[in-house]
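# Per-entry structural report
Read off the chains here:
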Amino acid sequence: MKPGGGGCIHIPPAVVRRGVPTTLELELSAVYSSGPMDRRIGVVRCYYRLSGEAAYTATTMKVISFDDRTLVVRGTIPALSWSSSGLLEYYFDFRFDGHPNTRGSEAAPEARVPIE
């Protein structure tokens, strides 16, 4: 296997609407092919919370497409209550070729999206 990198593409929604589930997609890629990406990437999770809450809640992302260099996953954050306000914060984690990876973190989330 050749050493090399990859990438992640995620475009956060402009807003999260109260009472409506929020769908998120993440595309993971590898520079070099060494087998189908669904075998190279472990479970992808999204951790989310309302800004100011202490704990994150996890949701598992589902594979929607893959080939030897890319894998696209999609997940849904359940509808937020009508009393929710502020920002929704979230980040992703997964294993790539057995190594832990994150996109964002608890300390610095991938995205902070306004709730409307």
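Residues numbered from 1 in each chain as written. Predicted model: local features only at pLDDT ≥ 70, side-chain atom pairs only at ≥ 80, totals over all residues. Heavy atoms only, no water.

## Notes on the overall build of the protein chain
Each helix and strand in the protein chain was counted, giving one helix and nine strands. Reading the protein chain from its N terminus to its C terminus gives the helix and strand order β-β-α-β-β-β-β-β-β-β. For the protein chain, the spread of C-alpha atoms along the principal axes amounts to about 50 × 25 × 20 Å. Split by element, the accessible area of the protein chain, about 6,600 Å² in all, is 52% carbon and sulfur. In the protein chain, which carries 13 positive and 12 negative side-chain charges, the distance between the mean positions of the two groups comes to 1 Å. (Helix = DSSP H or I, 4+ residues; strand = E, 2+ residues; numbered from the N terminus. Areas by Shrake-Rupley, 256 points an atom, 1.4 Å probe, with all protein chains shown as cover. Lys, Arg positive; Asp, Glu negative; His and termini not counted. Charge placed at Lys NZ, Arg CZ, Asp CG, Glu CD.)

## So, the environment of Thr60
Locating Thr60 in the fold gives a position in strand β4 (residues 57-60). Owing to a relative accessible area of 42%, Thr60 belongs among the partly exposed residues under this scheme. Considered as a pair, Thr60 and Trp82 are 22 residues apart in the sequence and their alpha carbons are 24 Å apart. For Thr60, the residues in contact, after removing those within four places along its chain, are Val43, Val44 and Arg45. (Buried < 20%, exposed > 50% of the residue type's maximum accessible area, 1.4 Å probe, protein only. Contact = heavy atoms within 4.5 Å.)

## Some points on the sheet that holds strand β6 (residues 70-77)
Taken in spatial order, the four strands of this open sheet run β1-β2-β6-β5, and their pairing is antiparallel. Since the sheet does not close on itself, it has two edges, and those belong to β1 (6-9) and β5 (62-66), each with one partner. On average, each strand axis in the sheet is tilted by 20° relative to the strand beside it, whichever way the strands run. Bridge count between β5 and β6: four bridges; the pairing is antiparallel. For Ser65, the partnering residue across the bridge sits in β6 and is Val72. (Pairing = 2+ DSSP bridges. Axes fitted to C-alpha atoms, helices over the stretch in contact; angles between N-to-C directions.)

## Focus on unusual backbone geometry
One non-glycine residue, Asp97, lies in the positive phi region at around 50°. Assignment of secondary structure puts Asp97 in the loop between β7 (87-96) and β8 (99-103).

## Considerations on the packing of aromatic side chains
Considering all chains together, one arrives at three aromatic pairs under this definition. Measuring from ring centre to ring centre gives 5.1 Å for Tyr47 and Tyr91, while their planes differ by 15°; the resulting arrangement is stacked. Here Tyr91 lies in strand β7 and Tyr47 lies in strand β3 (residues 45-50), a separation of 44 residues in the sequence. On the accessibility criterion, Tyr47 (18% relative accessible area) is buried. For Tyr91, a relative accessible area of 8% translates into the label buried. Between Tyr90 and Phe92, the aromatic rings sit 5.7 Å apart at their centres with planes inclined by 75°, giving edge-to-face as the arrangement. By the burial criterion, Tyr90 is buried, and Phe92 matches it. These aromatic residues form a ring-pair network of at least three members: Tyr47, Tyr56 and Tyr91. (Phe/Tyr/Trp six-rings, centres within 6.5 Å; stacked < 30°, edge-to-face > 60°.)

## Here's the deal with the environment of Val113
By secondary structure assignment, the location of Val113 is in strand β9 (residues 111-114). With 25 residues separating them along the chain, Val113 and Leu88 place their C-alpha atoms 5.1 Å apart. Apart from residues no more than four positions distant in its own chain, Val113 is found in contact with Pro12, Pro13, Ala14, Val15, Val16, Gly86, Leu87, Leu88 and Tyr90.

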